[in-house]
Amino acid sequence: MLRLLRIDLLKLTSYRAFWVLNILYGLLIIGIPSGVIEFLKWLKSIGADFDNFDPMKIPILYFPDIWQNITYVYTLLKIFMAIIVVITISNEFSYKTVRQNIIDGLSRGDFLKSKLATIFLLSLGSSLLVLLTGLITGLIYTPDVSFSEMFDGVEFVFAYFLDLFGFLVFAFLMTILLKRSALTVFILMIYRPVELILIANLPKAIEGIGNYFPLQSMSNMIEVPFPRYIFREIQDYVSLGFVAVSLLWIVLFVYAIYSKLKASDL
Amino acid sequence: MENVLSIKGLTKRYGRLTAVNDLSLEVGRGDVFGILGPNGSGKTTTLGILLDVINKTSGEFSWFGQPPTKEVRKRIGAILETPIFYPYLSAVKNLEIVAAIKEAPTANIEPALKKVELFERKDDKFRTYSLGMKQRLSIASALICDPEVMILDEPTNGLDPQGIAEIRELIKRIAAEGKTIILASHLLDEVQKVCTHFCVLKKGSLLYSGSVDEIGAGAVTVEVMADQALDGALKNWTGAKEVKQENGRYVVTLAEDQSAVGLNRYLFEQGLVASHLLTQKKSLEKQFLELLAESENA
Ligand SMILES: Nc1ncnc2c1ncn2[C@@H]1O[C@H](COP(=O)(O)OP(=O)(O)O)[C@@H](O)[C@H]1O
Ligand SMILES: [Mg+2]
């Protein structure tokens, strides 16, 4: 597996677009908490008056709230990382290098594994950056931090990892099916809204299955946290049930990619 | 002799089109084997199946007497149709990927690049290469694993005469090292110049398979003209395989071990004098066209 990862990284490490997109995504992760702070400061400066409440005191970036808040926002941005996956994999088809890789001695399974290894590494790297960003931001803004509080809710970072990994595997599948990068990115962008519309229009009798649709089940791992600031009840933990469902979808996607590769003339 | 490749009843259908039709072939160790056929005759499809990038419809094949696996492909150096590399990477980086896939030592990269005379340009990006350089790089890439077999598909396609000559020289040099080479081409001339054995494909079917020498040997003809009629005498000559009359000339196909000298001596002994004698080695081209024409009539 490490050999296959190394092969894929040889292809990517001199590819400028790969680094540019990765760095942009990294900046996005680091930038968002500062963006939130600037927004709160702005609210304060225009004198928004929440019954004499200082907007800076909303605990959005305080431990332990921060974990669910930031990971939820980050899951909305995964399309940016998916673009990297779509471009690098569709390149293999447009340059026909996948064909040469097989000729040279990879099996189709090896090709799949090498791409999955890279996707895993990208997801892992992003998650570590999220963890670091969360820790530092939390340390800066939380009044009276205690060590035990810091990691309370850190499992949301794991959920973020799984959500990102699942989406990237989904993007891999779409690329294999559609081949062309612009089309694939377009489909990936409209897929989620389409899924939401579908779920909203399910007949009453089978309404429940909407929660098990691919991206919906993944997004169910981390629920929208913000209603809690207007005193609504939310799911403030990672839903293990949907972790399991997400894992199932990932296995299914990988199997679909493998079947498609196996059946194709390259 | 041990076979490097053996194909039995290989067939590939694309819907109603049969691209490869019940093909059976044997390629021996050390052969330079030409797969000759006009465009669309199924050469690339056949090679694609042998290299596992195209799924066969039916049939069997084995490399080195073993069922085909990725491990076997690591011992083969092959290029199909056009050179394929990552355009944004340098030659060296591209070959590092090939070496990693084939589990070949990266130390092989430098000698391979030198052999194809690309060492000076090794750090330039692939997309800046001319077509001839791209073809040469793909040969270098096929050499990375010090392969037992090299597969080349139309390696001189689109090159200028100098480029063609360079590539053919290169192939001959590699063949001289004793490597088995399988070369697909629609150019007879190329097969004749480079190969020891060849087969002819047409519309996916095998028309002929044999050695290049063999087909050259039985194919000498002599054109004869004289003031007298010669048919009787020529037909009685034991050295003639076939005698034909074409616009006032006789075309005699010689039996093996015969030559125009023998023919002339025989005529003289019969009291006949030829006014014109011309030996013609029937070119592979002629035979190739004949083979294609025969299959047309069949
Ligand atoms: N992917 C494909 N789909 C349908 N037909 C194909 C495909 N690839 C090749 N063919 C057809 O198969 C035949 C053999 O093609 P090919 O093997 O490329 O010939 P050659 O290499 O001898 O020029 C041609 O008629 C070609 O049009
Ligand atoms: Mg071809």
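Residues numbered from 1 in each chain as written. Chains lettered and ligands numbered in written order. Predicted model: local features only at pLDDT ≥ 70, side-chain atom pairs only at ≥ 80, totals over all residues. Heavy atoms only, no water.

## Side note on the sheet that holds strand S8 (residues 197-202) of chain B
All names here are of chain B. Rules: By this definition, two strands are paired if DSSP reports at least two bridges between them. A helix here means a DSSP run of H or I that spans at least four residues, while a strand means a run of E at least two residues long, and both kinds are numbered starting from the N terminus. Only the contacting stretch of a helix is used when fitting its axis, a line to C-alpha atoms as for every element, and angles between N-to-C directions run 0 to 180 degrees. Any two residues whose heavy atoms approach within 4.5 Å are treated as being in contact.
Spatial ordering of the open sheet is given by S5-S6-S7-S3-S8-S9, a layout of six strands whose pairing is mixed. Two strands close off the open sheet at either side, each with one partner strand: strand S5 (76-79) and strand S9 (205-211). When strand polarity is set aside, the average angle formed by the axes of neighbouring strands in this sheet is 10°. Here strand S3 (residues 32-36) runs beside strand S7 (residues 180-185); their pairing, made up of five bridges, is parallel. For Val32, the partnering residue across the bridge sits in S7 and is Ile181. Running over the sheet, helix H1 (residues 43-50) touches S3, strand S6 (149-153), S7 and S8 and is turned about 145° from S7. Of the strands in this sheet, S5 and S6 touch helix H5 (residues 131-143), which is tilted by about 160° from S5.

## Description of the interface of chain B and chain A
Inclusion rule: Two parts placed together each lose some accessible area under a 1.4 Å probe, and the buried area is that loss summed for both. Just to be clear on terms, a salt bridge is a Lys or Arg side-chain nitrogen sitting within 4 Å of an Asp or Glu carboxyl oxygen. For the purposes of these results, a polar contact is taken to be a pair of N or O atoms within 3.5 Å, where, inside protein, one atom must be able to donate a hydrogen and its partner to accept one; residues adjacent in sequence count only when each atom of the pair is a side-chain atom.
Taken together, the contact pairs 28 residues of chain B with 27 residues of chain A. Carbon and sulfur atoms make up 54% of the area that chain B and chain A hide from each other, which totals about 2600 Å². Per-residue buried area on chain B facing chain A is highest for Val53, Ile84 and Ile101 of chain B; these three make up 25% of the total on that side. Between chain B and chain A we count four salt bridges in total. Asp110 of chain A is paired through a salt bridge with Lys70 of chain B; the nearest N and O atoms lie 2.9 Å apart. Applying the counting criterion to the chain B and chain A interface returns 18 residue pairs in polar contact (both at pLDDT 80 or more). Put simply, the parts of the chain that give the side of chain B that touches chain A at least two residues each are strand S1 (3-14), helix H2 (70-73) and helix H3 (91-102) of chain B. No other element matches H3 of chain B, which puts seven residues into the side of chain B that touches chain A.

## Some points on the packing of aromatic side chains
The following threshold applies: Ring pairs are drawn from Phe, Tyr and Trp, using the six-membered ring of Trp, whenever the two centres fall within 6.5 Å, and their geometry is named by plane angle: stacked under 30 degrees, edge-to-face over 60, tilted for the rest. Buried means the residue's accessible area, taken with a 1.4 Å probe over protein chains only, is under 20% of the maximum for its type, while exposed means over 50%, and partly exposed covers the values in between. Two conditions define a charge sitting above a ring: the NZ of Lys or the CZ of Arg must be within 6 Å of the ring centre, and it must be within 35 degrees of the ring normal.
Under the defined criterion, the tally for this structure stands at 24 aromatic pairs over all chains. Relative to Trp67 of chain A, the ring of Phe63 of chain A has its centre 6.1 Å away and its plane inclined at 35°; by these criteria the two rings are tilted. Each member of the pair Phe63 of chain A and Trp67 of chain A is classed as buried. Here Tyr74 of chain A and Tyr160 of chain A contribute two aromatic rings whose centre-to-centre distance is 6.1 Å and whose plane-to-plane angle is 65°, an arrangement assigned as edge-to-face. With Tyr74 of chain A in helix H3 (residues 65-75) and Tyr160 of chain A in helix H8 (residues 155-178), this residue pair connects regions lying 86 residues apart in the sequence. Using a relative accessible area of 1% as the deciding quantity, one classes Tyr160 of chain A as buried. Ring-pair connections join several aromatic residues into one group, and the members of that group are Phe167, Phe170, Tyr191, Trp249 and Phe253 of chain A. Between the NZ or CZ atom of Lys78 of chain A and the centre of the ring of Phe167 of chain A, over which it lies, the distance is 5.5 Å. Across from the ring centre of Phe119 of chain B, 4.6 Å away, lies the NZ or CZ of Lys114 of chain B, which sits over that ring.

## Looking at the state of the cysteines
The line we're drawing: In what follows, a disulfide is any cysteine sulfur pair within 2.5 Å.
In total, this model carries zero disulfides over all chains according to the counting rule given. Of the cysteine sulfurs around Cys195 of chain B, a residue in no disulfide, the closest is that of Cys199 of chain B, at 9.7 Å.

## Some remarks on the domain arrangement of chain B
Where we set the bar: Where each domain starts and ends comes from a domain assignment, either automatic or drawn from a database.
What the domain assignment reports for chain B is domain 1 (3-214) and domain 2 (221-280). Look at where the C-alpha atoms of domain 1 of chain B and domain 2 of chain B centre, and you get two points 44 Å apart.

## Let's talk about the site of ligand 1
Residue and element names in this part refer to chain B. Short version of the rule: Any residue with a heavy atom lying within 4 Å of a molecule or strand is counted as near it. In this description, accessible areas are obtained by the Shrake-Rupley approach with a 1.4 Å probe, and a residue is regarded as covered only by the protein chains that are shown.
Ligand 1 sits among Tyr14, Leu17, Ala19, Pro38, Asn39, Gly40, Ser41, Gly42, Lys43, Thr44 and Thr45. Taking Lys43, its main chain carries an N or O atom lying 2.9 Å from an oxygen atom of ligand 1. When isolated, ligand 1 has an accessible area of 560 Å², and the protein chains bury 61% of it. Elements supplying a minimum of two residues to the shell around ligand 1: strand S2 (17-28) and H1. A total of three residues in the shell around ligand 1 trace back to one element, the largest contributor, which is H1.

## Points about a nonpolar patch on the surface
For clarity, the cut-off: Patch construction takes residues with relative accessible area above 30% that form no salt bridge. Like charges are linked within 9 Å, and nonpolar side chains (Val, Leu, Ile, Met, Phe, Trp, Tyr) are linked within 5 Å.
Nonpolar side chains collect at one region of the surface, where Trp19, Val20, Ile23, Leu24 and Leu27 of chain A lie side by side and expose about 490 Å² of accessible area between them. Counting through the fold element by element, Leu24 of chain A comes out in helix H2 (residues 16-45).

## Describing unusual backbone geometry
Cis geometry is found at the peptide bond from Phe63 of chain A to Pro64 of chain A, where omega equals -5°. Its place among the elements puts Pro64 of chain A in the loop between H2 and H3. For Glu81 of chain B, which is not glycine, the phi dihedral falls at a positive 60°. As for its placement among the helices and strands, Glu81 of chain B is situated in the loop between S5 and H3. Judged by its relative accessible area of 36%, Glu81 of chain B falls in the partly exposed class. In this model, Glu117 of chain B sits at a positive phi of 60°, which is unusual for a non-glycine residue. As for its placement among the helices and strands, Glu117 of chain B is situated in the loop between helix H4 (109-115) and H5.

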